[in-house]
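Here is how the chains run, residue by residue.
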Amino acid sequence: MLWDYQQPVAIRFGNGRVREIKDVAAEMGLTEGGLLVSERLFAQNGTAERIVKDSEGAITEIFSDFSPNPDVTEVDKAAALIRDKHLKFVVAMGGGSAMDLAKSAASIALTNDSITEYHGTGKAMPQEHLPIIAVPTTAGTGSEVTCVSVLTNRVLGKKAPIVSDGFFPSVAIIDPELTYSVPPHVTASTGMDVLSQAIEGYWSKGHQPICDACAIHAAPLVFKYLPIAVAEPDNAEARQKMCEASVIAGLAFTLPKTTSSHACSFPLTNIHGIPHGEACGLTLDWFARVNKDAQHGRVQEFARAIGFEDVDAMADAIHELKVKVGLRTGLKDLNLNADQIADLVRISRHPNLYNNPVEITDEMLQEMYEHLAATD
């Protein structure tokens, strides 16, 4: 077995560490010209302004004019701001949307290109980029330690990831206190994304031992602490452990890549508006049963390693977790017709699907979506 491992992101973890942004920037020789990419909530509630003030002049601009599942036009707009103001580094504060936009903008700003030239085209991103300090405010995407930027082109009806080594942040600051204000359903959805990343990273065709160890560490934390974080938003231990699970799951899937559940999540989100993590979790227990005997028993070994008798028991626990935290377990409420199911099957043939350890046929996808369409 041949494998390589790299993790170029410096990680700072702990309560209150968001206040270290100025120090982190200074250590990189950056004392001015910073852009804070912040979700609208933080611009509206004063958090973004506080971050700018605490930076003591290092951060001079705020960009919050973007949507969940950021659009390619919004990336181009942020890149134009970076060029016009001659900015030198980017702080991404928020969930996956802020991270995704910041990564792409920090690279494309150093060219005269539009990000559309690289989105779903196969054209390699330029490797030169501005330094990024990533500050996640959800325990979810793991984007603070990945080289992936997931963008949407609403004109073309396309959502797809771009992968580039230039997208790795220089530093990730994980401050669990920033997650306390996250609403319960968002906590549940992003937490299910964490679980999907860990499990898919483990059974991916690209699996390797260091990432496997991260997956085995992260997954049990989600099963234990996600229900508590949803039910008790101010529970410090649950919030901290979910942040721990999130960053370590990010390390678990960055190199192996995600697989079937993530592939199927894209049309579920793009067409039907299901939040990303919830969309991933919707099919995770199904694919667990599909993959249970793959890779000469590795998936069964994973289930046992994280405390279950076998994969079937783990799949049952995934279903029970979704019910407990209020996530959907079916698509019956959407009243899908045959054409809509056919679209889901067709669009699920995303490159991530081919990372799955078992070949997924259209017939298998059809069976799964028909089952979900009949399930509450």
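Residues numbered from 1 in each chain as written. Predicted model: local features only at pLDDT ≥ 70, side-chain atom pairs only at ≥ 80, totals over all residues. Heavy atoms only, no water.

Considerations on the domain arrangement of the protein
- By domain assignment, the protein separates into domain 1 (10–178) and domain 2 (184–374).
- Computed from C-alpha coordinates alone, the two centres of domain 1 and domain 2 are separated by 26 Å.
- Carbon and sulfur atoms supply 67% of the area buried between domain 1 and domain 2, which totals about 1,700 Å² over both sides.
- Taken as a group, Phe 13, Ala 139 and Lys 159 account for 31% of the area that domain 1 buries against domain 2, more than any other trio of residues on that side. (Domains from an automatic or database assignment. Buried area = accessible area lost by both parts, 1.4 Å probe.)

A few points about the UniProt feature "domain: Alcohol dehydrogenase iron-type/glycerol dehydrogenase GldA" (unreviewed entry) in the protein
- Residues annotated in UniProt with the feature "domain: Alcohol dehydrogenase iron-type/glycerol dehydrogenase GldA" (unreviewed entry) correspond here to residues 8–176.
- Along residues 8–176, the helical share is 28% and the strand share 24%, with 22 Å between the first and last C-alpha atoms. (UniProt positions renumbered as here; feature names shortened; annotations may be inferred. Helix = DSSP H or I, 4+ residues; strand = E, 2+ residues; numbered from the N terminus.)

Observations regarding the sheet that holds strand β8 (residues 171–174)
- Sheet architecture is open: 6 strands sit in the order β1-β8-β5-β4-β2-β3, paired in parallel fashion. Bordering the open sheet on either side are β1 (10–13) and β3 (59–63), each of which pairs with just one other strand. Direction aside, neighbouring strands of the sheet carry axes that sit 20° apart on average.
- Pairing analysis gives 4 bridges linking β1 to β8, with the strands arranged parallel. Directly across from Ile 11, in β8, lies its bridge partner Ala 172.
- Against the sheet, helix α4 (residues 72–85) contacts β2 (34–38), β3 and β4 (89–94), and its axis sits at roughly 160° relative to β3.
- Its contacts with the sheet place helix α5 (residues 96–108) against β2, β3, β4 and β5 (132–136), and it is angled at close to 165° to β4. (Pairing = 2+ DSSP bridges. Axes fitted to C-alpha atoms, helices over the stretch in contact; angles between N-to-C directions. Contact = heavy atoms within 4.5 Å.)

Some thoughts on the packing of helix α10 (residues 276–291) against helix α12 (residues 311–325)
- Across the interface, α10 lies against α12 with an axial gap of 8 Å and an inter-helix angle of 170°. When the axis of α10 is compared with that of α12, the two are roughly antiparallel. For the crossing formed where α10 meets α12, the hand is left-handed. Side by side, α10 and α12 meet where Gly 281, Leu 282, Leu 284, Asp 285, Ala 288 and Arg 289 of the first sit next to Val 311, Asp 312, Met 314, Ala 315, Asp 316, Ile 318, His 319 and Lys 322 of the second. (Parallel < 35°, antiparallel > 145°, perpendicular 65-115°, else oblique. Left-handed = near helix turned anticlockwise from the far one by under 90°.)

Some points on the packing of helix α7 (residues 209–231) against helix α8 (residues 236–254)
- Running from amino to carboxyl end, α7 crosses α8 at an angle of 150°, the nearest separation of the two axes being 8 Å. Viewed along their axes, α7 and α8 adopt a mutual orientation that is roughly antiparallel. In the crossing of α7 with α8, the sense of the turn from one axis to the other is left-handed. In contact with Cys 211, Cys 214, Ala 215, His 217, Ala 218, Leu 221, Val 222, Tyr 225, Leu 226, Ile 228 and Ala 229 of α7, α8 contributes Glu 237, Ala 238, Arg 239, Lys 241, Met 242, Glu 244, Ala 245, Ile 248, Ala 249, Leu 251 and Ala 252.
- Considered class by class, the residues forming the contact of α7 with α8 number 17 nonpolar, 1 polar and 4 charged. (Nonpolar A, V, L, I, M, F, W, Y, C, P; charged D, E, K, R; others polar.)

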